[in-house]
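The lines below spell out each chain.
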Amino acid sequence: MIPVKVRDVEIGTGKPKICVSNIGKTTEDILKLTADYNKIPMDVMEWRVDWYEDVEDTAKVIETAKAIREALDDSKPLLFTFRTSKEGGEYSLPDEAYAALNIAVAESGYVDLVDVEIFTGDEIVADMIEKIHAAGAKIIASNHDFDKTPSQSDIVYRLRKMQDMGADIPKIAVMPTCKKDVITLLAATEEMATNFATQPIITMSMAAQGSVSRLSGEYFGSALTFGAGAAASAPGQVSADQLNDVLTVIHNFL
């Protein structure tokens, strides 16, 4: 498995890296949160642009991305994410507009990683991956199932599809309905990391029931985990401070 280095952060080595999502609605809110998050144990900041009030104005999105990059600690990568409503996000765009926004922001040079939802359509996704990579940004391919936990083989299939399509880091998040679902996610993580992954992967089981998966990534093979800053961006997130403490304890025993 080859780690992915972005700025000063090497994803795929040592304890899982902590990503905190910025879900401010206005530029002022976003920049205030950025300043606050510089002070907490955070390796990567995600800008959840689907929360942004001017998300349909690409020029304003790029202007705000520039302001975030200037406010964010220079050593920390910025992940740009438009989470569509069909995968648990706050807003919806037509597929073509979604792709155009991701490509335009990557080409601005102000973001380091771009989240690409892998089931947007193979042709659109392939074009996004090609153009985002050409712009010099890395890609986290993602899939989110807020209704259930797929079978172990299906989770592995989805992660392998992301890898085969050229993503730098495959990511999947699923919803457990019972304890066995959490075990299924962890088993799929171990299978993918041990048998198929050529690069880091990110996996998580959501909600309180799945929170153990956010803490045990180093043991099972997930290279990054999401912690809560001022507010959680997904169910089951632990505060970044608490997350860092637990990850450190586990790391010291491995």
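Residues numbered from 1 in each chain as written. Predicted model: local features only at pLDDT ≥ 70, side-chain atom pairs only at ≥ 80, totals over all residues. Heavy atoms only, no water.

**Student:** It is not clear to me how the overall build of the protein should be interpreted in this structure. Could you clarify?
**Tutor:** Secondary structure assignment for the protein yields nine helices and 11 strands. The globule rule puts the C-alpha radius of gyration for 254 residues at 18 Å, and the 17 Å found for the protein is close to it. Across its three principal directions, the C-alpha atoms of the protein cover 45 × 40 × 30 Å. Among the 254 residues that make up the protein, the fraction classed as buried is 50%. A sequence separation of at least 24 residues applies to 72% of the contacts in the protein between residues at least 6 apart. Looking at the protein as shown, the accessible area adds up to about 10600 Å², and 51% of this sits on carbon and sulfur atoms. (Helix = DSSP H or I, 4+ residues; strand = E, 2+ residues; numbered from the N terminus. Rg over C-alpha atoms; globule rule 2.2 N^0.38 Å. Buried < 20%, exposed > 50% of the residue type's maximum accessible area, 1.4 Å probe, protein only. Contact = heavy atoms within 4.5 Å. Areas by Shrake-Rupley, 256 points an atom, 1.4 Å probe, with all protein chains shown as cover.)

**Student:** What's the story with the pairing of strand 10 (residues 224-228) in this structure? I'm lost.
**Tutor:** Side-chain direction in a regular strand flips from residue to residue, so the side chains alternate between the two faces of the sheet. Burial runs high along strand 10: five of the five residues are buried. Covered by surrounding structure in strand 10 are L224, F226 and A228 together with T225 and G227, the residues of both alternating faces. Across two bridges, strand 10 lies against strand 11 (residues 238-239) in parallel orientation. If you follow A228 over to strand 11, its bridge partner there is S239. (Pairing = 2+ DSSP bridges.)

**Student:** Just checking my understanding: could you explain the pattern of salt bridges for this structure?
**Tutor:** Any two side chains of opposite charge can pair, on the condition that their charged atoms come close. According to the stated counting rule, one finds 13 salt bridges in the structure shown. With a closest N to O distance of 2.9 Å, E117 and R83 form a salt bridge. Here E117 is found in strand 6 (residues 113-117), whereas its partner R83 is found in the loop between strand 5 (78-81) and helix 3 (95-108), with 34 residues between them in sequence. With respect to burial, E117 and R83 carry one shared label: buried. (Salt bridge = Lys/Arg side-chain N within 4 Å of Asp/Glu carboxyl O.)

**Student:** Is there a simple way to explain the nonpolar core in this structure?
**Tutor:** Across soluble globular proteins, nonpolar side chains have a tendency to be buried as a group. Ranked by internal contacts, the top residues of the largest apolar core, which has 54 residues, are W47, V49, F80, L101 and I132. It is helix 3 that provides the largest number of residues to this core, a total of six residues. Apart from residues no more than four positions distant in its own chain, V49 is found in contact with V55, V61, F80, T81, F82 and L101. L79, A173, M175 and L224 belong to the second largest nonpolar core, which has 19 residues in total. (Core = buried A, V, L, I, M, F, W, Y, C linked by side-chain atoms within 4.5 Å.)

Keep in mind that these numbers describe shape and distance, not what the molecule does.
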